[in-house]
Amino acid sequence: MPMRKTFLEGLLHRPVTDPPPALDDPELAELGRKLDAAARRRLGRGLAIREVDAGSCNGCELEIHALNNAFHDLERFGLRFVASPRHADVLLVTGPVTKNMREALERTWRATPDPKWVVAAGDCAINGGPFAGSYACVGGVAAVVPVDLHIRGCPPTPTQLLKGLLTLIEAP
Amino acid sequence: MTGTVTHHRPWPRRMADAPGWERAAARLAAGEGTLLALWGEPDCAHMAILDEGAASPGIEVLSLACPDGRFPSVGRVHAPAIRLERAMRDLFGLEPVGLPDARPWPDHGRWGVAAPLSASPRPAPDEAPAYPFLPVEGEDLHEVPVGPVHAGIIEPGHFRFTCDGETVVRLEERLGYVHKGIEGLMRGAELDRAARLAARTSGDSTVAYGIAFARAAEAALGIEPPPRAVWLRALMAELERLANHLGDVGAICNDASFALMHAHCGILRERVLRAAMTCFGHRLMMDRVVPGGVACNLDAAGIAALRALVAEIGARFPRLADLYDRTASLLDRTVATGIVRPDLARRFGAGGHVGRASGRAFDSRRALGGYPPYDALRFEVPVLEEGDVNARVWIRIREIGQSLALVAQILDRLPDGPVRVPVAPARGEVREGMALAEAFRGEVFAWLRLDAGGRVARCHLRDPSWFQWPLLEAAIEDNIIADFPLCNKSFNCSYSGHDL
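Residues numbered from 1 in each chain as written. Chains lettered and ligands numbered in written order. Predicted model: local features only at pLDDT ≥ 70, side-chain atom pairs only at ≥ 80, totals over all residues. Heavy atoms only, no water.

- For chain B, the name recorded in an unreviewed UniProt entry is Hydrogenase expression protein HypE, with Caldovatus sediminis as its organism.

- Going by an unreviewed UniProt entry, chain A carries the name Hydrogenase and comes from Caldovatus sediminis.

Pasting the structure below:
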């Protein structure tokens, strides 16, 4: 019964989800339109992202997860997360790159087919952030694999993340 | 040398001799008291024991000087100490004499240094020796290695499954991939920098870590944060609990391919994060709890936003819980799956939903009189005995209800006044403090020594996951490997909090 009720509510009443950001979030809507055009041009509407946690506190992962919720609905922009680097166009890397994760990151990068982009998300991924200088951290993704784009924030919000991915697509 | 150390608050710390230390270990092995923490310093080992059953319930902190770098292993007789002692050996070069496991734990041979936190760290080649997993013998067995990079958007760790057909006969975890050296970075740090590091030990529990660290610092310095700050801390802690439980209930169902719950729980989680952003200026409320109080306030608009949040979740979530409870295909996956036996939960002192789903009622908001403002708030600590995935889901469902009620009570009774007092270091004096704070996955333990200049001399943070990760190995035994994601998500241990 609760399942039928939940479905019926979705059909007969206003959706349980908020209206898509296009209606109440002009910034996100603008992003979405630009990304749609750019992604189509470059990648035929599809951009497959493989996330790699290289030592984050897991705050970045929470916000990256939020990209998939009904509010942000990442997939309407043609962006989606994939389970293997072999299916990916983009590696989205978080964390200060711990020395214990360095080899795993390198191997994940090598497993990703060209052309590929690397996005370093979060302040840690830029230069180690608060963990810079530790015996256990390399200190930034760029020290291990070539980085195409940094997205700031501790953690970056879903909107910042989306903005960043758009910037990547629009790069010359 | 034995005796009580001065300036250790709120519980006393005693110097023990080796026989006294071994007696404490024997008591733990006999089930008298619960190991709360076990940590090192270059020339000293410490252990905190929770004793709820004693005539005067409390926490006992024992310290053993180790001038020769050795101490009698607690793990030799009490398994929950084994990984903690392996970490002490890797980080401080202390040798737990008699420890049955000679393998390293956080040290993967990649740091370029051995015993980095000892008095004399040694250069070490970066050659990552092969890690010997426990030997497995048997004709029909096969191994499945998973990680450190997993298929989902989750933290890194390695799982080595040994299977007989689909059935897991053993899981062995290897962690440490996200070891950041937080305790090393803490040494010599000013209090505010150390608080920011503590807040980034496990991002999903940033408020709880903030509270644990701040309360340890305040205990050490003899500072009372203003009442309004204490209530705002609890408000943020309950919002954090709500966000995590909502996200996890949905994610557990998603791991059984029931995406509908995931979508709806994800909406409610996002509502909590947006309300946190509106009220406190950060979706995860990072760095809002500081020693001396809080670095935020709540205005009338914020109170209205939170009342609306409580009303919406209160209206929507019960139907989702009902949906969970009436979906037979889902229950088929969660009921009787991944059972943690109550005796194991008790022995390991597992906190949070892992402990409470297996009969262990401990909640640091309540235990030993609790900490403010929870001593003035009405709430229940749900406890079940079944110990399966379903029980862990139900503990979370019921805790969502309790947190909603707590938020409403806090909003009704939020005291006026300042939210922060200055934190003056106790110049010229070494001070020590400790605290517990209840994160969504269990109690965070913080121990802190401030030097005579007011800087951090040593800080130890013990995530609840330390005593839950080993139970996941037990829970998956005899389950099919396809149910591992369900079991794992129903625990949702922190990799970062554990690896530190």
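## Focus: the domain arrangement of chain B
One frequent convention defines the size of an interface as the accessible area lost when the parts assemble.
All names here are of chain B.
Now for step 1: The domain architecture assigned to chain B consists of domain 1 (3-119) and domain 2 (197-464).
Now for step 2: In this structure, domain 1 and domain 2 have C-alpha centres spaced 27 Å apart.
Now for step 3: Buried area between domain 1 and domain 2, both sides added, is near 2,100 Å², and the carbon and sulfur share of it is 62%.
Now for step 4: Arg13 serves as the salt-bridge partner of Glu432, at 2.9 Å between the closest nitrogen and oxygen. (Domains from an automatic or database assignment. Buried area = accessible area lost by both parts, 1.4 Å probe. Salt bridge = Lys/Arg side-chain N within 4 Å of Asp/Glu carboxyl O.)

## Some remarks on empty space enclosed by the protein
Now for step 1: Here the structure, examined in full by the defined rule, presents 5 cavities of 30 Å³ or more.
Now for step 2: Forming the boundary of the largest cavity are 21 residues, of which Ala87, Leu91, Glu183, His460 and Trp466 of chain B lie nearest the centre.
Now for step 3: Where the lining of the largest cavity is concerned, the elements lending two or more residues are strand S4 (34-41), helix H2 (82-92), strand S18 (456-462) and helix H15 (495-499) of chain B.
Now for step 4: Here the lining of the largest cavity takes 5 residues from H2 of chain B, the largest share from any one element.
Now for step 5: Counting the residues that make up the lining of the largest cavity, at least three belong to each of domain 1 (3-119) and domain 2 (197-464) of chain B.
Now for step 6: What the second largest cavity holds in volume is close to 100 Å³.
Now for step 7: Surrounding the second largest cavity, 14 residues form its lining, Cys57, Cys60, Cys124, Cys154 and Pro155 of chain A being those nearest its centre.
Now for step 8: Taken together, the elements giving at least two residues each to the lining of the second largest cavity come down to helix H4 (59-66) and helix H6 (123-127) of chain A. (1 Å grid on protein atoms, 1.4 Å probe; cavity = no way out; pocket = protein on both sides within 12 Å on 5 of 7 lines; lining within 4 Å. Points joined across faces, edges and corners; volume = space filled by probe spheres on them. Helix = DSSP H or I, 4+ residues; strand = E, 2+ residues; numbered from the N terminus.)

## Focus on the interface of chain B and chain A
Now for step 1: Residue-level contacts link 54 residues of chain B with 53 residues of chain A.
Now for step 2: Buried surface at the junction of chain B and chain A, summed over both partners, amounts to about 4,400 Å²; 62% is from carbon and sulfur atoms.
Now for step 3: By the criterion of area lost to chain A, the three top residues of chain B are Ile153, Lys180 and Arg319 of chain B, representing 17% of everything that side buries.
Now for step 4: On the surface where chain B and chain A come into contact, there are 2 salt bridges.
Now for step 5: Glu63 of chain A serves as the salt-bridge partner of Arg283 of chain B, at 2.4 Å between the closest nitrogen and oxygen.
Now for step 6: Our enumeration of links across chain B and chain A arrives at 23 residue pairs in polar contact (both at pLDDT 80 or more). (Contact = heavy atoms within 4.5 Å. Polar contact = N/O pair within 3.5 Å; in protein donor to acceptor, adjacent residues only side chain to side chain.)

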